Amino acid sequence: MSLPKSEIIKIAVVGPESTGKSTMSAFLANHYRTVWVPEFARGYCEKLTEPPTWDDEVNMFYGQLALEAEFLPQANKLLICDTTFLTVKIWSDYTFGRSPQEVLDELLVHRYHFYLLLDIDLPWEEDPLRDFPHMREHFMEVWHKELKELGASYMVISGTGKNRYANAVAAIDAFLK
């Protein structure tokens, strides 16, 4: 028997580029025998031939919300989210100097129960969709600031290999207790 949507606990896996969010999300979904919501922006940006525009950022916001709604009924107690639309705010603020109003409005009502902020202690991996290897510390600070402003419950996850995964599981298990 599945839980009502309102009783599903949403865990957000967030952080700067190249911190292992997708790999961590897949691992956690397998560990907790549930599903994970992929990052909508990755697939969206792979199809772009130019840098994302303001309209693209808005489309990625709505796309991430739609994916989450699609996966929520399949969740088994936990829904693991590989990033959230908060990323749209962070990138829009950096790129355009402001955020779409619909993103700001939704941040106030669309909450996640717990965030895992993945640390920048992993080596940078080149990827055509990654842009800022030299700004990892900056974006880590931005993530801290944004999560604090939301009053979010979060834990920084550090370490490499199996230790990183064990630290994430320990953080979620502690949160669930």
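In case you missed it, the structure is sitting above this.
What counts, and where the lines are drawn
Residues numbered from 1 in each chain as written. Predicted model: local features only at pLDDT ≥ 70, side-chain atom pairs only at ≥ 80, totals over all residues. Heavy atoms only, no water. Phe/Tyr/Trp six-rings, centres within 6.5 Å; stacked < 30°, edge-to-face > 60°. Helix = DSSP H or I, 4+ residues; strand = E, 2+ residues; numbered from the N terminus. Buried < 20%, exposed > 50% of the residue type's maximum accessible area, 1.4 Å probe, protein only. Contact = heavy atoms within 4.5 Å. Axes fitted to C-alpha atoms, helices over the stretch in contact; angles between N-to-C directions. Parallel < 35°, antiparallel > 145°, perpendicular 65-115°, else oblique. Nonpolar A, V, L, I, M, F, W, Y, C, P; charged D, E, K, R; others polar. Pairing = 2+ DSSP bridges. Core = buried A, V, L, I, M, F, W, Y, C linked by side-chain atoms within 4.5 Å. Salt bridge = Lys/Arg side-chain N within 4 Å of Asp/Glu carboxyl O.

Bringing the packing of aromatic side chains into the picture now. The final tally for this structure, using the stated rule, is nine aromatic pairs. On the numbers, 5.3 Å between centres and 65° between planes, the contact of Tyr94 with Phe139 is edge-to-face. One end of the pair, Tyr94, is in helix H4 (residues 86-96); the other, Phe139, is in helix H6 (residues 136-150), with 45 residues separating them in the sequence. The partly exposed category is assigned to Tyr94, whose relative accessible area is 36%. Consider the rings of Phe114 and Phe175, whose centres lie 4.5 Å apart with planes at 10°: the pair is stacked. Here Phe114 is found in strand S4 (residues 114-118), whereas its partner Phe175 is found in helix H7 (residues 161-176), with 61 residues between them in sequence.

Moving on to H4. When we look at burial in H4, the residues that qualify are Leu86, Thr87, Val88, Lys89, Ile90 and Ser92. Those residues of H4 that are buried lie in contact with helix H3 (54-71), helix H5 (101-107) and H6. A positive phi of about 80° marks Gly97, the residue just after H4.

Once that is clear, we can look at the packing of H3 against H4. One can describe the packing of H3 onto H4 by two numbers: an axis separation of 10 Å at closest approach and a directional angle of 170°. In terms of axis orientation, H3 runs roughly antiparallel to H4. The segment H3 lies against H4, with Trp54, Glu57, Met60 and Phe61 engaging Val88, Trp91, Ser92 and Phe96. In terms of residue class, the contact of H3 with H4 is built from six nonpolar, one polar and one charged.

Let's shift gears to the sheet that holds strand S3 (residues 78-82). Backbone-to-backbone hydrogen bonds join strands into a sheet, with any given pair of strands oriented parallel or antiparallel. Spatially, five strands are ordered S2-S3-S1-S4-S5 in an open sheet, and the strand pairing comes out parallel. Pairing within the sheet leaves two strands with one partner each, and these edge strands are strand S2 (35-37) and strand S5 (154-157). Ignoring which end each strand starts from, the neighbouring axes of this sheet average 25° apart. Examined bridge by bridge, S4 and S5 share four bridges and lie parallel to one another. Looking across to S5, one finds that Leu116 is bridged to Met155. Docked against the sheet, helix H1 (residues 21-31) engages strand S1 (9-14), S2, S3, S4 and S5, running at close to 165° with respect to S3. Packed on one face of the sheet, H7 meets S1, S3, S4 and S5 and runs near 160° to S4.

Our focus in this paragraph is the nonpolar core. Val14, Leu79, Phe85, Leu86, Tyr115, Trp143 and Leu147 are the most contacted members of the largest nonpolar core, which has 35 residues in total. Element by element, the count of residues in this core is highest for H6, at six residues. Setting aside chain neighbours within four positions, we find Leu147 in contact with Val14, Leu86, Tyr115, Leu117, Ala152 and Tyr154.

Moving on to the pattern of salt bridges. The full count for this structure, using the stated rule, is seven salt bridges. Of the charged contacts in the structure, one is a salt bridge between Glu149 and Lys145, with a shortest N-O distance of 3.4 Å. Within this pair, Glu149 and its partner Lys145 are both found in helix H6, separated by four residues, close to a single helical turn. Since its relative accessible area comes to 42%, Lys145 is described here as partly exposed. The network of salt bridges with shared partners includes Lys89, Asp93, Lys145, Glu146 and Glu149.

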